Amino acid sequence: MSDSAARDQDAAETESAFSHPVVAPDASAAYGSHPDQTIDFFAPHDGRTGAPVVVVLHGGAWRAPYDRLHMSPFAGFLARRGFAVASLGYRRGSELPQQRGSGPVAGRWPETFDDVAAAMDALPELLARELPAADARRIVVTGHSAGGQLALWAAARHVLPEGSPWRLLRPPALRGVVALAPIADFASAIGLDVCSGAIGQFLGTEEDFAVRSAQADPARLLPTGIATAVVQGTTDLTVPQEVVEAFVDAAAKEGETVMLTLLPGVGHFPLIDPAADACAVVAEEIAQLAW
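Conventions used here
- Residues numbered from 1 in each chain as written.
- Predicted model: local features only at pLDDT ≥ 70, side-chain atom pairs only at ≥ 80, totals over all residues.
- Heavy atoms only, no water.
- Helix = DSSP H or I, 4+ residues; strand = E, 2+ residues; numbered from the N terminus.
- Rg over C-alpha atoms; globule rule 2.2 N^0.38 Å.
- Contact = heavy atoms within 4.5 Å.
- Polar contact = N/O pair within 3.5 Å; in protein donor to acceptor, adjacent residues only side chain to side chain.
- Pairing = 2+ DSSP bridges.
- Axes fitted to C-alpha atoms, helices over the stretch in contact; angles between N-to-C directions.
- Buried < 20%, exposed > 50% of the residue type's maximum accessible area, 1.4 Å probe, protein only.
- 1 Å grid on protein atoms, 1.4 Å probe; cavity = no way out; pocket = protein on both sides within 12 Å on 5 of 7 lines; lining within 4 Å.
- Points joined across faces, edges and corners; volume = space filled by probe spheres on them.
- Nonpolar A, V, L, I, M, F, W, Y, C, P; charged D, E, K, R; others polar.
- Expected span 1.5 Å × (residues − 1).
- Right-handed = clockwise from strand over helix to strand, strands pointing away.
- Core = buried A, V, L, I, M, F, W, Y, C linked by side-chain atoms within 4.5 Å.
- Salt bridge = Lys/Arg side-chain N within 4 Å of Asp/Glu carboxyl O.

(A) Fine view of the overall build of the protein chain. Along its length, the protein chain carries nine helices and eight strands. Taken over C-alpha atoms, the radius of gyration comes to 18 Å for the protein chain, in line with the 19 Å a tight globule of 291 residues would show. In terms of overall dimensions, the protein chain has a C-alpha envelope of 50 × 45 × 40 Å along the principal axes. In the protein chain, the proportion of contacts linking residues at least 24 apart, taken out of those at least 6 apart, comes to 77%.

Here it is as structure tokens:
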């Protein structure tokens, strides 16, 4: 495929993914005082009890213009497939004085990770209150792009470095994680300038970067012992296939197998587009771990 054709395809896929109306959740609950510290809950449409729970983490290069609303059609799609869904909001690119600039800033340190950790820790209690018919013993975490990085991170908190404020003493109670075109290996992503310098913006100065990347880079938080699957389009221009392959290779070097599903001719956004065949593949990957 020529570069021009690839760009045209990417534009069409992006337009399709963002063409769906926002799907209203069945309930929402705060896990903190900031407006972004909110979880939207979607009940399975068939009304079943004992449905497994899918935790959804949205992407958007950890930047403020992108929030959980653009993932609501995907969350609704999963609810129609019989899952209970918890779509997490979290703080992203900020208005902290030291981070103001001419362009969108990626992420907040440490608030982005504070939020994901707090939301995951609060989830069992909130599920019992908002979706009591769901089976909180069967939780799969999924995330797209930057949200894929956060999903992998949420499953790896027990292998964070000693002294990390987010470290768990034991593995989280998850059936697995399904990462969708995740920013899963920071070294390769930086080399490819994924999301226009977002990782550097997120982790800060060179002095901070070494310490922070050890707590944030999924490729450095291995092995987890948590069942992990990755779905990746081969024509993804936003997070190229090389990034995911680097993560899979890093896992293999640590003796861990990551299930990799490559979708030929698929770009970045069909993975979360209910109108795309790729989205059905994603649902099947989640089902493999959830049921």
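(B) Main features of the side chain of Q149. Checked against the element boundaries, Q149 lands in helix 4 (residues 146-154). In terms of polar contacts, Q149 uses its side chain to reach the backbone carbonyl oxygen of A216, at 2.9 Å. In this view, Q149 contacts W62, F113, P182, I183, F186, F202, A216 and P218; residues no more than four positions away in its chain are not counted.

(C) Structural context of the sheet that holds strand 4 (residues 84-88). The mixed open sheet is built from eight strands, whose spatial order is 1-2-4-3-5-6-7-8. Looking at strand neighbours, the two that pair on one side only are strand 1 (27-30) and strand 8 (259-263), the edges of this open sheet. Taking the axes of each pair of neighbouring strands and ignoring which way they run, one obtains an average angle of 20° across the sheet. Examined bridge by bridge, strand 5 (residues 135-144) and strand 6 (residues 176-180) share five bridges and lie parallel to one another. By the bridge assignment, H144 is partnered in strand 6 with L180. The strands touched by helix 2 (residues 72-80) within the sheet are strand 2 (38-42), strand 3 (52-57), strand 4, strand 5 and strand 6, with strand 2 carrying the most contacts at an inclination of about 35°. Against the sheet, helix 9 (residues 277-290) makes contact with strand 3, strand 5, strand 6, strand 7 (228-233) and strand 8, and its axis sits at roughly 165° relative to strand 6, the strand it touches most.

(D) Structural context of the pairing of strand 7. For strand 7, a buried count of six out of six residues is recorded, marking the element as mostly surrounded by other parts of the structure. Here strand 7 shows no split at all, with T228, V230 and Q232 on one side and A229, V231 and G233 on the other all buried. In the sheet, strand 6 pairs with strand 7 via four bridges, with the strands oriented parallel. The residue of strand 7 that forms the bridge with A179 is V230.

(E) A look at empty space enclosed by the protein. All chains considered together, the criterion is met by one cavity of 30 Å³ or more. Lining the largest cavity, in full, are L152, A155, A156, V177, P218, L221, L222, T224, T228 and F247. Across the lining of the largest cavity, the residue classes tally to eight nonpolar, two polar and no charged.

(F) Quick look at the environment of T142. Mapped onto the secondary structure, T142 falls in strand 5. For the pair T142 and V54, spaced 88 residues apart in sequence, the C-alpha to C-alpha distance is 6.9 Å. If we ignore the near neighbours within four places in the chain, the residues touching T142 are V54, V55, V56, L57, F74, A151, V178, L180 and I286.

(G) Inspection of helix 8 (residues 241-253) at higher detail. Its 13 residues give helix 8 an end-to-end C-alpha distance of 19 Å, which sits within 8% of 18 Å, the value for a rise of 1.5 Å per residue. Positive backbone phi, approximately 80°, marks G255, located one or two places after helix 8.

(H) Region of the structure containing the pairing of strand 6. Taken across its five residues, strand 6 has five buried, putting it largely inside the fold. Alternating residues of strand 6 divide into G176, V178 and L180 and V177 and A179, and every residue in both groups is buried. With helix 4 bridging strand 5 and the parallel strand 6, this β-α-β connection has right-handed handedness.

(I) Quick peek at helix 7 (residues 206-216). Taken as a whole, helix 7 has its buried residues at R212, S213, A214, Q215 and A216. Among the structural elements, helix 3 (111-130), helix 4, helix 5 (186-191) and helix 6 (198-203) are those in contact with the buried residues of helix 7.

(J) Molecular detail of the nonpolar core. Among the nonpolar cores identified, the biggest contains 65 residues, and I39, F41, W62 and I183 are the most heavily contacted of them. By residue number, the principal contributor to this core is helix 3, which donates eight residues. Leave out the neighbours within four places in its chain, and W62 touches R92, G93, V105, A106, G107, A146, Q149, L150, I183, A198, I199 and F202. V54, V56, C279 and L289 belong to the second-largest nonpolar core, a separate cluster that totals 31 residues.

(K) The pattern of salt bridges, seen in detail. Under the criterion given, the structure shown has 11 salt bridges. Across the pair E162 and R167 runs a salt bridge whose closest N-O atoms are separated by 3.4 Å. Given a relative accessible area of 69%, E162 falls into the exposed group. The residue D208 makes a salt bridge to R212 at a minimum N-O spacing of 3.8 Å. Of this pair, D208 and R212 both sit in helix 7, four residues apart, which is roughly one turn of that helix. By relative accessible area, D208 is classed as partly exposed at 27%. Connected through shared salt-bridge partners, D135, R137 and R138 make up one network.

Distances and angles like these do not, on their own, reveal function.
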